[in-house]
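Chains, contacts and geometry: an overview
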Amino acid sequence: MSSRRSFIGYSFGAVAGVGALFALGAMKKSWDPLPSVRSAGFTSIDLSSLKSGEFSQFEWRKKPIFIIKKSPDMKINDKRDVVIGDDRYMLAIGLCTHLGCIPSWVPSQKIFKCACHGGEFDESGVNTFGPPPRPLDIPPFDIKGTMLVLGESGKQYKKLMNII
């Protein structure tokens, strides 16, 4: 009788042990970031192909990213411009800081215009008119040659954000 009872006990222990291993495996899998999240972390943009005065829009983490390679007639903003060699770029997350809509670039006036409430941002992304409470946000970035890597907090980003 004791051998039968021992067999049932060992069998129950083995089933519980296998169940615990599967539960631990499932818990670890749920803690890991999804592949889509892992791949969306960094985006590299080659800035060498942009022309002077040209507006370009990219996507990073499902958000629009605005980049303008500034021409000599555009206003210089040392607090916001990304400088690579002799070139200056405006870089911003393209979401209005008022309600989160996407402003449109108006090249003839050199402004971003928000259709929802008439907010305006200049060519540096600074709010100049309307309800937006602050300039367009600058995403974390790092510079590697002529490549802009979004998602990394590089030296120039920290300098612009006054983190250094």
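About the cut-offs
- Residues numbered from 1 in each chain as written.
- Predicted model: local features only at pLDDT ≥ 70, side-chain atom pairs only at ≥ 80, totals over all residues.
- Heavy atoms only, no water.
- Pairing = 2+ DSSP bridges.
- Helix = DSSP H or I, 4+ residues; strand = E, 2+ residues; numbered from the N terminus.
- Axes fitted to C-alpha atoms, helices over the stretch in contact; angles between N-to-C directions.
- Buried < 20%, exposed > 50% of the residue type's maximum accessible area, 1.4 Å probe, protein only.
- Polar contact = N/O pair within 3.5 Å; in protein donor to acceptor, adjacent residues only side chain to side chain.
- Contact = heavy atoms within 4.5 Å.

1. Some points on the sheet that holds strand S8 (residues 120-122)
Read from one edge of the open sheet, four strands run S6-S7-S8-S9, paired in antiparallel fashion. Strands with a single pairing partner mark the edges of an open sheet, and in this sheet they are strand S6 (104-106) and strand S9 (127-129). Strand-to-strand twist in this sheet, taken as the mean axis angle between neighbours without regard to direction, amounts to 35 degrees. Summarising the sheet, strand S7 (residues 111-113) and S8 pair through three bridges and their orientation is antiparallel. Opposite Lys113, over in S8, you have Glu120 as the bridge partner.

2. What to know about the sheet that holds strand S11 (residues 147-150)
Read from one edge of the open sheet, three strands run S1-S11-S10, paired in antiparallel fashion. Looking along the sheet, the strands with just one partner apiece sit at the ends: strand S1 (43-46) and strand S10 (141-144). Here the strands of the sheet are splayed against their neighbours by 25 degrees on average, with no regard to which way each runs. Bridge count for S10 against S11 is four bridges, and the pairing is antiparallel. The residue bridging Phe141 from the neighbouring strand is Leu150, located in S11.

3. Looking at the side chain of Thr97
Along the chain, Thr97 falls in the loop between strand S5 (87-93) and S6. On the basis of relative accessible area, Thr97 is assigned to the buried category, the value being 10%. A polar atom in the side chain of Thr97 sits 2.7 Å from the backbone oxygen of Arg134. When neighbours within four sequence positions are excluded, Thr97 is seen to be in contact with Phe121, Pro132, Pro133, Arg134, Pro135, Leu136 and Asp137.

4. Topic: the pairing of strand S2 (residues 55-60)
Remember that side chains alternate between the two faces of the sheet whenever the strand is regular. Note that S2 and strand S3 (residues 63-69) share six bridges and pair antiparallel. By the bridge assignment for S3, Glu59 is matched with Pro64. Turn length for the S2-S3 hairpin, with the two strands adjacent in sequence and antiparallel, is two residues, and the turn residue Arg61 shows positive phi of about 55 degrees.

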